[in-house]
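Here is how the chains run, residue by residue.
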There are 2 protein chains.
Amino acid sequence: MSQTVEPPRFSDKFQAELGDLFRWRRDVRRFRPDPVDAERLEHLIQTASLAPSVGYSQPWRFVVVQDPALRQKVRLNFEESNQAALSSYEGEQAQRYATLKLSGLDQAPVHLAVFCDCSTTTGHQLGRQTMPEMLEYSVVLACHTLWLAARACGIGVGWVSILDPKRLSLDLAVANEWKLVAYLCIGYPEEEHVDPELARYQWEQFQPAEVIVK
Amino acid sequence: MSQTVEPPRFSDKFQAELGDLFRWRRDVRRFRPDPVDAERLEHLIQTASLAPSVGYSQPWRFVVVQDPALRQKVRLNFEESNQAALSSYEGEQAQRYATLKLSGLDQAPVHLAVFCDCSTTTGHQLGRQTMPEMLEYSVVLACHTLWLAARACGIGVGWVSILDPKRLSLDLAVANEWKLVAYLCIGYPEEEHVDPELARYQWEQFQPAEVIVK
């Protein structure tokens with residue numbers, strides 16, 4: 001097939017818009033209640049599976065969490081993890097942390113847990129022998145692909161990492177060999193910003209990339 | 001600033017082209033000798049730094065490897081790691097592995113090592129307490145951002161993971177706290193394909209994403 005399809009040439013306009021997409025991507029924690037169409041979600045997940053993966057191992061596994069009881073367990077997991085994190089800060093920083101909204105678990109119409117199947121034999125270990133972490137990195141690449149595709153069609157994604165991953169895997173009763181890589185909140189954003197929430201609330205500022213030549 | 005800038009709306013055409021970008025991204029191992037403009041490379045690295053990062057920690061550190069003696073050390077590292085990997089396969093699979101071209105280290109005009117600064121205090125540990133791996137995941141996201149931006153302007157990227165990462169860090173004499181996340185070969189590709197090299201050479205085939213609803 002690859003012989004007969006002409007490779008695309010991406011215009012300057014597309015490249016500029018791709019820059020806009022990177023600039024406006026954002027980690028979204030404030031969602032409108034509007035549902036995300038099931039077909040749209042399926043399309044985003046299939047798009048994610050176009051991501052690069054080490055040895056073509058495709059180790060991503062997707063779990064859409066709909067059961068209200070399971071969602072409640074995830075929220076509790078977040079709240080306890082967030083409380084523990086809060087208590088590690090002191091003074092003004094603790095106050096600032098307490099004011100940040102760090103997840104959209106309460107509002108997001110879609111909860112998507114993304115796992116790495118560490119037991120997969122797909123790819124036959126190629127590329128993983130000296131850097132076994134490449135397997136979960138591949139799942140990170142899939143999450144980012146989904147994130148960008150979602151933002152391009154007006155859907156926001158928030159990656160929640162303030163969670164006990166082992167507890168979450170137990171709650172969702174997935175295979176022991178599946179490692180949680182991301183818990184994604186997905187839905188239409190309440191508001192859009194070019195600056196990250198953590199910059200807007202003065203938690204941290206942008207730093208130009210450091211480049212060393214050797 | 002975010003108050004006065006209108007958020008972009010991405011057209012159906014852009015979304016379709018973004019799908020083409022994901023489909024045609026590819027891990028490139030065959031490069032033309034044409035150099036990559038230094039300004040273009042700098043722009044790609046600064047684009048990478050628009051990636052999401054946990055707690056806005058921006059832990060990516062970029063090392064452009066130009067010194068021929070250092071490049072030779074990296075190639076030797078790859079060759080030895082690749083030989084060890086080859087000897088883990090048997091029979092027909094070993095034969096197939098031996099025919100695969102698994103890096104473009106010999107041809108790529110640009111070698112870019114991307115590290116995670118595990119000692120960074122930027123972001124004040126936010127989001128990393130229960131999932132400390134989020135720090136290196138952030139660097140993976142930056143690599144993917146660079147990869148997509150590069151492909152959009154006709155530049156190919158190949159991620160080499162058949163390397164001993166500790167030896168590579170020692171050879172490049174980077175800080176002990178910097179963990180190698182990716183060694184990227186960058187340049188103009190000799191040929192373009194819609195199917196991954198590993199599928200084309202029948203190492204592994206595409207699998208539709210598995211989606212479970214709970």
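Note: the structure precedes this text.
Quick look at the relation of the copies chain A and chain B now. Once chain A has been moved 0.0 Å along the axis and rotated by 180 degrees, it coincides with chain B to within an RMSD of 0.0 Å. Put plainly, the chains are arranged around a two-fold axis. Interface overlap between copies is the fraction of interface residues in one copy that are interface residues in the other; for chain A against chain B it reaches 100%, indicating a shared surface.

Further remarks concern unusual backbone geometry. A positive phi angle, close to 55 degrees, is found at Gln202 of chain A, a residue other than glycine. With respect to the helices, strands and loops of the structure, Gln202 of chain A is situated in the loop between α7 (197-200) and β5 (210-213). A positive phi angle, close to 65 degrees, is found at Arg26 of chain B, a residue other than glycine. By the element assignment, Arg26 of chain B lies in the loop between α1 (12-24) and α2 (38-48).

Here the focus is the sheet that holds strand β5 (residues 210-213) of chain B. Reading across from one edge, β3(A)-β4(A)-β2(A)-β1(A)-β5(B) is the order of the five strands in this open sheet, with mixed pairing throughout. This sheet does not close on itself; its edge strands, each paired only once, are β3 (156-160) of chain A together with β5 of chain B. Averaged over all adjacent pairs, the angle separating strand axes in this sheet is 30 degrees, with direction ignored. Two elements, strand β1 (residues 60-64) of chain A and strand β2 (residues 110-117) of chain A, share five bridges in a ladder whose sense is antiparallel. Bridged to Val63 of chain A within β2 of chain A is Ala113 of chain A. Those strands touched by helix α6 (residues 165-172) of chain A are β1, β2 and β4 (178-187) of chain A, and its axis lies near 80 degrees from that of β4 of chain A.

For the rest of this paragraph, the subject is the interface of chain A and chain B. Each side of the interface is counted separately: chain A has 85 residues, and chain B has 85 residues. Among the secondary structure elements, those contributing two or more residues to the side of chain A that touches chain B are α1 (12-24), α2 (38-48), β1, α3 (68-86), α5 (134-152), α6, α7 and β5 of chain A. The leading source of residues in the side of chain A that touches chain B is α1 of chain A, at 10 residues. Here the side of chain A that touches chain B is composed, by residue class, of 48 nonpolar, 23 polar and 14 charged. Judged from the four bridges that link them, β1 of chain A and β5 of chain B form a sheet pairing that is parallel. Bridging across to β5 of chain B, Phe62 of chain A finds its partner in Val211 of chain B.

It is worth spelling out the packing of helix α3 (residues 68-86) of chain B against helix α6 (residues 165-172) of chain B at this point. Residues and elements named next belong to chain B. Put simply, α3 and α6 touch, their axes get as near as 10 Å, and they point 170 degrees apart. Considered as vectors, α3 and α6 are oriented roughly antiparallel to each other. Listed contacts from α6 to Leu70, Lys73, Val74 and Asn77 of α3 are Arg167, Leu168, Asp171 and Leu172.

Membership of the largest hydrophobic core comes to 114 residues, with the highest contact counts inside it found for Val114 and Cys143 of chain A together with Val114 and Cys143 of chain B. Sequence-distant contacts of Val114 of chain B, that is, excluding residues within four places in its chain, are made with Trp60, Phe62, Val139, Ala142, Cys143, Val181, Ala182 and Leu184 of chain B.

All names here are of chain A. Burial analysis of β4 places nine of its 10 residues in the buried class, which makes it a mostly covered element. With eight bridges joining them, β2 and β4 adopt antiparallel strand pairing. Within β4, the position partnered with His111 by the bridge is Cys185.

Attention now goes to the sheet that holds β5 of chain A. Judged by pairing direction, the sheet is mixed, and its five strands sit side by side in the order β5(A)-β1(B)-β2(B)-β4(B)-β3(B) without closing on themselves. Bordering the open sheet on either side are β5 of chain A together with β3 (156-160) of chain B, each of which pairs with just one other strand. The sheet shows a mean angle of 30 degrees between the axes of neighbouring strands, taken without regard to direction. Summarising the sheet, β3 of chain B and strand β4 (residues 178-187) of chain B pair through five bridges and their orientation is antiparallel. Bridge pairing in β4 of chain B places Gly158 of chain B opposite Cys185 of chain B.

With respect to the element layout, Tyr56 of chain A can be found in the loop between α2 and β1. You can call Tyr56 of chain A buried: it has 22 C-beta atoms within 10 Å. Distance in space between the C-alpha atoms of Tyr56 of chain A and Gln125 of chain A is 9.5 Å, their sequence separation being 69 residues. Once residues lying within four places of it in the same chain are set aside, the contact partners of Tyr56 of chain A are Gly123 of chain A together with Pro196, Leu198, Ala199, Trp203 and Glu204 of chain B.

What counts, and at which threshold
Residues numbered from 1 in each chain as written. Chains lettered and ligands numbered in written order. Predicted model: local features only at pLDDT ≥ 70, side-chain atom pairs only at ≥ 80, totals over all residues. Least-squares fit on C-alpha atoms with pLDDT ≥ 70 in both. Contact = placed C-beta atoms within 7 Å. Helix = DSSP H or I, 4+ residues; strand = E, 2+ residues; numbered from the N terminus. Pairing = 2+ DSSP bridges. Axes fitted to C-alpha atoms, helices over the stretch in contact; angles between N-to-C directions. Nonpolar A, V, L, I, M, F, W, Y, C, P; charged D, E, K, R; others polar. Parallel < 35°, antiparallel > 145°, perpendicular 65-115°, else oblique. Core = buried A, V, L, I, M, F, W, Y, C linked by C-beta atoms within 7 Å. Buried ≥ 20, exposed ≤ 12 C-beta atoms within 10 Å, placed from the backbone.

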